[in-house]
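# Architecture at a glance
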Amino acid sequence: QVQLVESGGGSVQAGGSLRLSCAASGRTFSDYVMGWFRQAPGKEREFVATISWNGANTDYGDSVKGRFTISRDNAKNVVYLQMNSLRPEDTAIYYCAAYHRVYDNSPVRSSTYDYWGQGTQVTVSS
């Protein structure tokens, strides 16, 4: 089992920045591909970003490209999501997720991920 705990959410004005953190425990962190997803009220869960087990590869959803950056620190068992130039449409609950790197599945699909955090709320006001 992998336990994931997000932090860093909050309220910010449009154009501002936030950094989310996701602390992992329970297994060898570097064995897992990590992802961030978000879900706004009344909408489906949306892919935000993913990072490979060693940090060499990243991918982003079209709506956040150029504004968000995902990174990880395998020594600290933490994955981050730096969010800049925030917009009101970024308002959502943000979830951290993980799956074992042995599985060669698409990292942009939520169904690929086996472990999820409880989520952290991000609210961007105009």
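Below, the structure is looked at part by part. (Residues numbered from 1 in each chain as written. Predicted model: local features only at pLDDT ≥ 70, side-chain atom pairs only at ≥ 80, totals over all residues. Heavy atoms only, no water.)

### Things to note about the nonpolar core
Our working rule: Residues belong to one nonpolar core when they are buried, are Ala, Val, Leu, Ile, Met, Phe, Trp, Tyr or Cys, and are joined through side-chain atoms within 4.5 Å. We call a residue buried when its accessible area falls under 20% of the maximum for its residue type, exposed when it is over 50%, and partly exposed in between, using a 1.4 Å probe and counting protein chains only. By the criteria applied, helices consist of DSSP H or I runs no shorter than four residues and strands consist of E runs no shorter than two, each listed in order from the N terminus.
Ranked by internal contacts, the top residues of the largest apolar core, which has 30 residues, are L4, M34, W36, V79, L81, M83 and Y94. Residue assignment for this core shows that the elements contributing at least two residues are β3 (18-25), β4 (32-39), β5 (46-51), β7 (68-73), β8 (78-83), β9 (92-100) and β11 (120-125). Grouped together as the second largest cluster of nonpolar side chains are six residues, F47, A97, Y99 and Y113 included.

### Here's the deal with the packing of aromatic side chains
Cut-off, in case you're wondering: Centres within 6.5 Å are what make two rings of Phe, Tyr or Trp a pair, Trp counting through its six-membered ring; a difference in plane orientation under 30 degrees is then read as stacked, over 60 as edge-to-face, and the rest as tilted.
Considering all chains together, one arrives at seven aromatic pairs under this definition. Consider the rings of F37 and F47, whose centres lie 5.7 Å apart with planes at 70°: the pair is edge-to-face. On the criterion of sequence distance, the pair formed by F37 in strand β4 and F47 in strand β5 is long-range, its members being ten residues apart. Side by side, F37 and F47 carry an identical accessibility label, which is buried. With centroids separated by 6.5 Å and ring planes inclined at 75°, the aromatic side chains of Y95 and W116 adopt a geometry described as edge-to-face. One end of the pair, Y95, is in strand β9; the other, W116, is in strand β10 (residues 115-116), with 21 residues separating them in the sequence. For Y95, a relative accessible area of 13% corresponds to the buried category. Relative accessible area serves as the criterion here: at 26%, W116 is assigned to the partly exposed category.

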